[in-house]
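So you can see what is in the structure, the chains are spelled out below.
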Amino acid sequence: GAQVLEFHPGTGAWEVVLDQEASMLFHARAVGERLLLPEYFPFDDRSRRIHSFDGEEWSELGLLPAQAWHVMDVARFRDRLYASGSWRDEGEEARGSDPDWWAGYGHVFESDDDGRTWRDIRRTEERGRVLDLVEFRGRLWANERGMHAIAWDGTHWEEVPVRLTGLKSPVKLGNAHLAAFGGPRTVKLGNPPA
């Protein structure tokens with residue numbers, strides 16, 4: 001099961017505001033005046049749902065496409081909503097001919113109507129997931145399969161590998177949360193102050 005609890009600072013009390021008997025909620029995201037919660041539970045079509053809470057009432061956005069395996073995150077970038085995670089290709093043919101079908105492929109979906117409908121804008125070539133979505137410096141960034149970052153400018157994707165010099169093996173992002181902060185660093189040459 002999964003629960004969402006709300007803390008009331010004035011009373012110091014916690015209150016259950018959402019109680020799901022069979023589910024998993026992985027990532028809560030504040031988007032405007034709403035709390036958006038994608039479901040992570042991969043059975044009974046539950047992982048096609050993104051719950052929305054305005055502080056008073058719960059509702060759901062439009063269902064994500066079928067064969068959703070895990071929805072990892074939801075975010076707003078510019079005037080659109082994005083959802084990321086892992087999906088299995090639909091149809092018996094895909095299931096029977098693809099040895100990686102069970103694990104699914106990472107996808108990013110975009111909605112230009114506040115989550116009523118979704119369209120697929122990114123699918124990984126290899127099995128895996130597209131994890132956290134983060135807006136940074138005018139682009140939407142994501143952790144793709146724990147292997148590299150991807151950045152969306154609203155029209156196309158760029159793959160951004162992690163580059164550290166002097167290492168024998170390439171660096172991977174892993175499955176940790178992706179966070180972005182700060183601005184460009186300025187390095188001043190010369191002697192440091194005494």
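Every value quoted in this text rests on a predicted model; they were computed, and no experiment measured them.

Chemist: Could you clarify how one ought to interpret the overall build of the protein chain in this entry?
Modeler: Of regular secondary structure, the protein chain possesses one helix and 14 strands. Principal-axis analysis of the C-alpha atoms gives the protein chain an extent of 60 × 60 × 30 Å. Counted over contacts in the protein chain with a minimum sequence separation of 6, partners at least 24 positions apart contribute 40%. Computed over 24 positive and 33 negative side-chain charges, the inter-centroid distance for the protein chain is 9 Å.

Chemist: Got a minute to help me understand the confidence of the model for the protein chain in this structure?
Modeler: Any region with low pLDDT has predicted coordinates that should not be read closely. Mean pLDDT for the protein chain: 86, with 93% of residues reaching 70 or above. Every residue in residues 187-194 scores below 50 in pLDDT, and together they form zero contacts with partners more than four places removed in sequence or on other chains.

Chemist: Teacher, can you tell me more about the pattern of salt bridges here?
Modeler: Where charged atoms from two side chains of opposite charge come close, those side chains can pair. Scanning the entire structure with this criterion turns up 15 salt bridges. Residues R122 and E144 are paired through a salt bridge, measuring 2.9 Å at the closest nitrogen-oxygen approach. Taken together, the positions of R122 in strand β10 (residues 119-127) and E144 in strand β12 (residues 139-144) put the pair 22 residues apart, joining distant regions of the chain. The pair R122 / E144 is uniform in exposure class, with both members buried. Accessibility expressed as a relative area gives 14% for R122, which makes it buried. Connected through salt bridges with shared partners, the residues D79, R80, E110 and R119 form a single ionic network.

Chemist: So what exactly am I meant to see when it comes to the packing of aromatic side chains here?
Modeler: Any two aromatic rings considered together are summarised by their centre-to-centre distance and by the angle between their planes. Per the stated rule, a full pass over the model turns up seven aromatic pairs. Look at F53 and W58: their rings are 4.4 Å apart centre to centre, the planes differ by 20 degrees, and that puts the pair in the stacked class. Taken together through their ring pairs, the aromatic side chains of W69, W101 and W102 make up a single cluster.

Chemist: Would you mind going over the pairing of strand β1 (residues 2-8) with me for this structure?
Modeler: Within a regular strand, side chains alternate between the sheet's two faces. Note: β1 against strand β2 (residues 13-20), seven bridges, orientation antiparallel. Looking at the pairing, Q3 lines up with D19 of β2. Connecting the antiparallel pair β1 and β2 is a turn made up of four residues, with G12 showing a positive phi of about 70 degrees.

Cut-offs applied
Residues numbered from 1 in each chain as written. Predicted model: local features only at pLDDT ≥ 70, side-chain atom pairs only at ≥ 80, totals over all residues. Heavy atoms only, no water. Helix = DSSP H or I, 4+ residues; strand = E, 2+ residues; numbered from the N terminus. Contact = heavy atoms within 4.5 Å. Lys, Arg positive; Asp, Glu negative; His and termini not counted. Charge placed at Lys NZ, Arg CZ, Asp CG, Glu CD. pLDDT = per-residue confidence, 0-100. Salt bridge = Lys/Arg side-chain N within 4 Å of Asp/Glu carboxyl O. Buried < 20%, exposed > 50% of the residue type's maximum accessible area, 1.4 Å probe, protein only. Phe/Tyr/Trp six-rings, centres within 6.5 Å; stacked < 30°, edge-to-face > 60°. Pairing = 2+ DSSP bridges.

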